[in-house]
Amino acid sequence: MSTAQQVPDILSPEFAADPYPAYRVMRESAPLIWHEATGSWIISRYEDVERVFKDKGGQFTTDNYDWQIEPVHGRTILQMSGREHAVRRALVAPAFRGSELQEKFLPVIERNSRELIDAFRHTGSADLVTDYATRFPVNVIADMLGLDKADHARFHRWYTAVIAFLGNLTGDPEVTAAGQRTRVEFAEYMLPIIRERRDNLGDDLLSTLCAAEVDGVRMSDEDIKAFCSLLLAAGGETTDKAIASIFANLLLHPEQFAAVKEDRGLIPLAFAETLRHTPPVHMIMRQSATEVELSGGTIPAGATVTCLIGAANRDENRYRDPDRFDIFRDDLTTTTAFSAAADHLAFALGRHFCVGALLAKAEVETGVNQLLDALPDLRLADGYDPAEQGVFTRGPQTLPVRFTPAAG
Ligand code: HEM
């Protein structure tokens, strides 16, 4: 075991500016760190993070979400385990895969993407982060739930506050207060809609949740509200960062960008490699149920474990030349990249593997295809600074682009 002093601190400005050099030092010489300020044990090697997520021996729980997220969402599937988790997850899972995704929600995804692109395609310039990525996924979730997209600004503010609360590693009181305000505001907004929807069930996901029975019991209004809050946050912020990152990666690698433009069948490869190289979520926590031996050290029972996805995905013992963005790499399995058999760790692994992975893939494929169709000569604005922002979740701050304005 090593002490935190030997490596850059995950709360330092240097780490926030560029965490990758620190991740390397951690993997090589400090793979298990007791981090006083966050009260957690930090792990960074691929084999350790994979083992914790897969949790074959039942050594880890998601009880950390009791304090990490329940104060803003209420209780959600992230915290649940066993049968309770399986049953509740099964309620939403069908909407995010297979025929329901293809037939019911793909048109919603396509329409939402088109509406956003139509607003800037005639202008010749846009910021793909503010004009597109931060709006598209949250609009899709709002539409899927049958909520009013005109409330977009509020949804965006809420999910940003929720994710900030989740990643409030320093315990900033303003972030805590904003999270608590969000819980109140979201409840005031959602509970009347849920009551109204129960009386007028439709074809949307909120109606499915209202009508669903779990073990013969209907979900309460509070349960449904918590679920919606989770969906907006889990499906908004993450996919928002993913879309910005895939474009940043491609625009910064013109040869690979040209290949994708030529063969759109390469989009899933570019997305999988983006998830490995620049994952939207850089850290996920777990709680140890027993004492655990990891990378030569011991984590006591009942401890919080911070799993560094961003570090594990760049482990040179798993991926060759890991800092290189290469959509053609042969050591990343693209066919399984959006299922729990994935080898990158961006969606976690095991029982809590991201339930929205295929929805995210559908959004990214649609988005990239439509943007390339509408803006064929899309390029970065001169002097673009590819700075990323965020420690818990991470992505490009801005993505200013230029293109020939569409005619007509
Ligand atoms: C690229 C985009 C996305 C990334 C990187 C991502 C990442 C993750 C990660 C890392 C987890 C595991 C959390 C844990 O184990 O503690 C997770 C779970 C989850 N994700 Fe995603 N996610 C994405 C898109 C989405 C979308 C579009 C939705 C749908 C609205 C969604 C809904 C969920 C839900 C509900 C869970 C909890 C699953 C469970 O506890 O069983 N995610 N996601």
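Description of the structure in this document. Computed from a predicted structure; not experimentally measured. Within every chain, residues take consecutive numbers counted from 1 along the sequence as written. For a predicted model such as this one, the threshold for reporting local features is a pLDDT of at least 70, and the threshold for listing and counting side-chain atom pairs is 80 or more; totals across whole chains, interfaces and linings nevertheless cover every residue. Calculation of side-chain values draws on the structure's entire complement of heavy atoms; hydrogens and water are dropped beforehand.

1. Focus on the site of the ligand
Around the ligand sit 28 residues, and of these Tyr-65, His-85, Arg-286, His-352 and Cys-354 come closest. We define a polar contact as two N or O atoms separated by no more than 3.5 Å, with the added condition that, inside protein, one atom must be a possible hydrogen donor and the other a possible acceptor, whereas residues neighbouring each other in sequence contribute only through side-chain atom pairs. Separating an oxygen atom of the ligand from a side-chain N or O atom of Tyr-65 is a distance of 2.5 Å. Note that an oxygen atom of the ligand is positioned 2.7 Å from one of the side-chain N or O atoms of His-85. Secondary structure elements follow DSSP: runs of H or I of four or more residues count as helices, runs of E of two or more count as strands, with numbering from the N terminus. The set of elements that each furnish at least two residues to the shell around the ligand consists of α6 (82-92), α13 (221-251), β8 (283-288) and α17 (357-374). It suffices for a single heavy atom of a residue to lie within 4 Å of a molecule or strand for the residue to be listed as near it.

2. Some details on the packing of aromatic side chains
Working definition: rings of Phe, Tyr and Trp (its six-membered ring) pair if their centres are within 6.5 Å, and the pair is stacked with planes under 30 degrees apart, edge-to-face with planes over 60 apart, and tilted otherwise. In this structure the tally under the stated criterion is 13 aromatic pairs. Geometrically, the ring pair formed by Phe-120 and Phe-403 is tilted, given 6.4 Å between the ring centres and 50° between the ring planes. Residue Phe-120 is found in the loop between α7 (98-118) and β5 (125-127), and its partner Phe-403 is found in the segment after β15 (400-402); the two are separated by 283 residues along the sequence. The residues Phe-120 and Phe-403 share a single accessibility class, namely buried. Members of the aromatic cluster, connected to one another through ring pairs, are Phe-155, Trp-158, Phe-186 and Tyr-189. Directly above the aromatic system of Tyr-319 lies the positively charged group of Arg-276, at a separation of 5.2 Å from the ring centroid. The rule is simple: take the accessible area with a 1.4 Å probe, protein chains only, and divide by the maximum for that residue type; under 20% is buried, over 50% is exposed, in between is partly exposed. Cation placement over rings: the criterion is NZ of Lys or CZ of Arg within 6 Å of the ring centroid and within 35° of the ring normal.

3. Here's the deal with the pattern of salt bridges
Salt bridges are defined by distance alone: a side-chain nitrogen of Lys or Arg within 4 Å of a carboxyl oxygen of Asp or Glu. Tallied over the full model, the rule gives 34 salt bridges. The salt bridge involving Glu-222 is made with Lys-225; its shortest N-O contact spans 3.0 Å. Here Glu-222 and its partner Lys-225 are both found in helix α13, 3 residues apart, which amounts to about one turn of the helix. Judged by its relative accessible area of 34%, Glu-222 is partly exposed.

4. Here's the deal with the nonpolar core
Note that soluble globular proteins tend to have their nonpolar side chains buried in a common cluster. One finds Met-26, Phe-53, Phe-96, Phe-120, Leu-206, Phe-247 and Leu-378 to be the most contacted residues of the largest nonpolar core, which totals 138 residues. Per element, the largest residue contribution to this core is 15 residues, and it comes from α13. A contact between two residues is defined here by any heavy atoms of the two lying within 4.5 Å. In this structure, Leu-206 is in contact with Met-144, Leu-145, Leu-147, Met-190, Ile-193, Ile-194, Arg-197, Ile-224 and Cys-228, ignoring residues within four places of it in sequence. Residues belong to a common nonpolar core when they are buried Ala, Val, Leu, Ile, Met, Phe, Trp, Tyr or Cys residues joined through side-chain atoms within 4.5 Å.

5. Points about the environment of Arg-286
Within the element layout of this structure, Arg-286 appears in strand β8. Judged by relative accessible area, Arg-286 falls into the buried class, the value being 5%. In this structure the C-alpha to C-alpha distance between Arg-286 and Gly-302, which are 16 residues apart in sequence, comes to 9.7 Å. With residues up to four places along the chain from it excluded, the contact list for Arg-286 reads Val-52, Phe-53, Phe-60, Thr-61, Thr-62, Asn-64, Tyr-65, Ala-303, Thr-304, Val-305 and His-352.

6. Let's talk about the coordination of the iron atom of the ligand
Each metal's donors are the N, O and S atoms within 2.8 Å of it, or within 3.2 Å when it is Na, K or Ca, and because water is not part of the set, sites may look incomplete. Just one protein ligand coordinates the iron atom of the ligand, and it is Cys-354 (SG) at 2.3 Å. Within the secondary structure, Cys-354 is located in the loop between α16 (309-312) and α17.

7. Examining α7
The periodicity of an α-helix, 3.6 residues per turn, causes residues three or four positions apart to be oriented the same way. Helix span, as expected, comes to 1.5 Å for every residue beyond the first. With 21 residues, α7 extends 29 Å from end C-alpha to end C-alpha; this agrees with the ideal 30 Å at 1.5 Å per step. Note that the bend at a residue is defined as the angle between axes fitted to the seven residues ending at it and the seven residues starting at it. In α7, a bend of some 50° at Phe-105 exceeds every other bend along the element, and Pro-107, a proline, comes one to four places later. Restricting attention to buried positions, one finds in α7 the residues Leu-101, Phe-105, Leu-106, Val-108, Ile-109, Asn-112, Ser-113, Leu-116 and Ile-117. Looking at the buried side of α7, the elements it contacts are α8 (128-133), α9 (136-145) and α17.

8. Some words on the sheet that holds strand β12 (residues 379-380)
Overall, antiparallel pairing links the 3 strands, which are arranged β5-β15-β12 in an open sheet. Edge positions in the sheet fall to β5 and β12, since each of these pairs with one other strand and no more. For two strands to pair, DSSP has to find at least two bridges joining them. Note that β5 and β15 share 3 bridges and pair antiparallel. Paired with Asp-127 across the two strands is Pro-400, which belongs to β15.

9. A short note on the side chain of Arg-27
Structurally, Arg-27 is set in helix α2 (residues 20-29). Overall, the relative accessible area of 4% leaves Arg-27 in the buried class. Ignoring anything within four residues of it in the chain, the contact list for Arg-27 reads Ser-44, Arg-45, Ala-311, Arg-314, Asp-315 and Glu-316.

10. Considering unusual backbone geometry
Even without glycine at this site, Asp-55 takes up a positive phi of about 45°. Unlike most non-glycine residues, Ala-348 shows phi in positive territory, near 60°. Here Ala-348 is to be found in the loop between α16 and α17.

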